[in-house]
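# Chains, contacts and geometry: an overview
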Amino acid sequence: MSFDAANINAGQALSLARKTFEIEAAAVLDLANRIGDEFVQAVGLMVACPGRVVVMGMGKSGHIGRKIASTLASTGTPAMFVHPAEASHGDLGMIQAVDVVLAISNSGESEELVAILPVLSRLGAALIAITGGRQSTLATQARIVLDTSVTREACPLNLAPTASTMAQLAMGDALAVALLDARGFREEDFARSHPGGALGRKLLTHVSDVMRAGNAVPQVLSETSFTELMREMSAKGLGASAVVDEQQHVLGIFTDGDLRRLVEKGVDLRSLTAADVMHVRPRTVGISALAVEAVALMEQHQISSVLVVDEVGALCGALNTNDLMRAKVI
């Protein structure tokens, strides 16, 4: 299907967009003036829940419910979404008496949801309602009611769920934030739930996970000839080589940058040893350090390679910026 963009009333489109933002923002801000003891009770009930928070909702409320369940689960509250219609055909078996059910319905009269309320009651699961219908069937059967009623929808026809779903989403986010604070949820906990994300990589990836080890680490003894030093560097492709003693303690490092500086000075390199050209007391990072600590060290000192050592200063590995980029730490 094609259309002519010139036929769109730009002024009308922008006016409706701004009005939508205003209506939905007002709906969310109005929640701040309404929440009170019931919100605190809901947070307390969910924190104390020995089972899971089971989120339910139909239609647009169901889409919001899936997002709320996902947010809760990723911030330390075991949660899942159960579709009310599917619940009537067997999925109610997923819900246990130790669970808390968070039911979402703007009207509070969603047919599929109302139909299973008696079963939930007999089961003994605690019911929290997020609804705009304070006198609805859902509200009257819930232990706690979180009021998300709105003055009007952003839809010009006042029909399509817009401001009401925004209020539901905001209420769910408010619950998640209050719950993670009550649980003492930290960045490290969040990272464990998001190992594939940027934060997960930063907080969970250690130097030992990304470093080069064993024969992949360029290293020579201090008495090694310059020619052999260059062969070791070229073979390992790190752009640097560690200089160590017989016990693997790091004595120094020699890098591509050091080589360029020596060549620029016109130094006769053939008779030199690794000890003659190495940079003593090089920057090192502990093997148990986070990879982001290695990144910070390299950025601070403007170096592209760093040696990895154990607690007694013995060489364990090495890494450079390419290694860290492949691991998506930077």
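Not measured: the values here are computed from a predicted model. (Residues numbered from 1 in each chain as written. Predicted model: local features only at pLDDT ≥ 70, side-chain atom pairs only at ≥ 80, totals over all residues. Heavy atoms only, no water.)

### Some thoughts on helix 12 (residues 256-265)
Along an α-helix, residues three or four apart share an orientation, since each turn contains 3.6 residues. What counts here: Burial classes follow relative accessibility: with a 1.4 Å probe on protein chains only, a residue under 20% of its type's maximum area counts as buried, one over 50% as exposed, and anything between as partly exposed. Numbering of helices and strands runs from the N terminus; a helix is a DSSP stretch of H or I covering at least four residues, while a strand is a stretch of E covering at least two.
Along helix 12, the positions that sit buried rather than exposed are Gly257, Asp258, Leu259 and Leu262. Gly266 occupies a position one or two residues after helix 12 and carries a positive phi of about 75°.

### Side note on the pattern of salt bridges
Keep this limit in mind: Salt bridges, as used here, are contacts in which a Lys or Arg side-chain nitrogen is within 4 Å of a carboxyl oxygen on Asp or Glu.
Inspection of every chain in the model, using the stated rule, returns 10 salt bridges. The partner of Glu38 in a salt bridge is Arg134, with the nearest N and O atoms 3.3 Å apart. In this pair, Glu38 is assigned in helix 2 (residues 37-47) and Arg134 in the loop between strand 4 (126-131) and helix 6 (137-141), connecting sequence segments 96 residues apart. The partly exposed category is assigned to Arg134, whose relative accessible area is 36%.

### Some details on the packing of aromatic side chains
Applied cut-off: The criterion for an aromatic pair is that two Phe, Tyr or Trp rings (for Trp, the six-membered ring) have centres within 6.5 Å, with stacked assigned to planes under 30 degrees apart, edge-to-face to planes over 60 apart and tilted to the rest.
Inspection of the entire model under this criterion finds 1 aromatic pair. The interplanar angle of 80° and the centroid separation of 5.8 Å between the aromatic rings of Phe226 and Phe254 together place this pair among those described as edge-to-face. Note that Phe226 is positioned in helix 11 (residues 226-236) and Phe254 in strand 9 (residues 250-255), a separation of 28 residues in sequence. Comparing Phe226 with Phe254, the two get one shared label, buried.

### Some remarks on the nonpolar core
What counts, and what does not: To qualify as a nonpolar core, a set must consist of buried Ala, Val, Leu, Ile, Met, Phe, Trp, Tyr and Cys residues joined through side-chain atoms within 4.5 Å. Any two residues having at least one pair of non-hydrogen atoms within 4.5 Å are treated as being in contact.
Met46, Val55, Leu72, Leu102, Ile128, Leu146 and Leu175 are the most contacted members of the largest nonpolar core, which totals 28 residues. Of all the secondary-structure elements, those providing two or more residues to this core are helix 2, strand 1 (53-57), helix 3 (59-74), strand 2 (79-81), strand 3 (100-105), strand 4, strand 5 (144-147) and helix 7 (163-182). If we skip the residues at most four places from it in the chain, Leu72 touches Met46, Val53, Val55, Thr77, Ala79, Ala176 and Leu179. Membership of the second largest hydrophobic core comes to 20 residues, among which are Val54, Val82, Leu92 and Ala129.

### Brief notes about the layout of surface pockets
So the rule is basically this: Cavities and pockets were defined on a 1 Å grid built from protein atoms only: a cavity is a group of points that admits a 1.4 Å probe but offers it no way out, a pocket is an open group of points flanked by protein on both sides within 12 Å along at least five of seven lines, and a lining residue is one with an atom within 4 Å of any such point. Grid points are joined across faces, edges and corners, and a volume is the space filled by probe spheres set on the points. Ten residue types, Ala, Val, Leu, Ile, Met, Phe, Trp, Tyr, Cys and Pro, are classed as nonpolar, four, Asp, Glu, Lys and Arg, as charged, and the remainder, Gly among them, as polar.
In this structure, the largest pocket occupies an estimated 390 Å³ of space. Going through the elements one at a time, strand 9, helix 12 and strand 12 (305-309) are the ones with two or more residues in the lining of the largest pocket. Take the lining of the largest pocket: its biggest share by element is 5 residues, from helix 12. Considered class by class, the residues forming the lining of the largest pocket number 7 nonpolar, 8 polar and 5 charged.

### Quick notes on the sheet that holds strand 1
Note the threshold: At least two bridges found by DSSP between two strands are what make those strands a pair. Orientation is described by axes fitted as lines to C-alpha atoms, over the contacting stretch for helices, and by angles from 0 to 180 degrees between their N-to-C directions.
On the basis of which strands lie adjacent, the open sheet formed by 5 strands has the order 2-1-3-4-5 and parallel pairing. Because the sheet does not close on itself, it has two edges, and the strands there are strand 2 and strand 5. Across this sheet, the average inter-strand angle for adjacent strands is 20°, counted without regard to direction. One ladder, built from 4 bridges, connects strand 4 with strand 5; its direction is parallel. Paired with Ala129 across the two strands is Val145, which belongs to strand 5. This element, helix 5 (residues 111-123), spans strand 1, strand 3 and strand 4 of the sheet and lies at about 160° to strand 3.

### Details of the sheet that holds strand 10 (residues 279-280)
The strands that make up a sheet pair up through hydrogen bonds in the backbone, lying either parallel or antiparallel. The 4 strands are arranged 7-8-9-10 in an open sheet whose pairing can be described as mixed. Both edges of this open sheet fall to strand 7 (219-221) and strand 10, since each of them pairs with a single strand only. Pairing of strand 7 with strand 8 (residues 240-244), which is carried by 3 bridges, proceeds in the parallel orientation. Paired with Val220 across the two strands is Val243, which belongs to strand 8. Relative to the sheet, helix 11 contacts strand 7, strand 8 and strand 9, its axis offset from that of strand 9 by approximately 75°. Sheet contacts for helix 12: strand 9 and strand 10; angle to strand 9, the most-contacted strand, approximately 65°.

### Some details on the environment of Gly11
The residue Gly11 is located in helix 1 (residues 10-34) in this model. In this structure the C-alpha to C-alpha distance between Gly11 and Ala294, which are 283 residues apart in sequence, comes to 53 Å.

### A look at the environment of Val244
Along the chain, the position of Val244 falls in strand 8. For Val244, a relative accessible area of 2% gives the class buried. Sequence-wise, Val244 and Ala314 are 70 residues apart; in three dimensions their C-alpha atoms are separated by 8.4 Å. Sequence-distant contacts of Val244, that is, excluding residues within four places in its chain, are made with Gln219, Val220, Leu221, Ser222, His249, Val250, Leu251 and Leu315.

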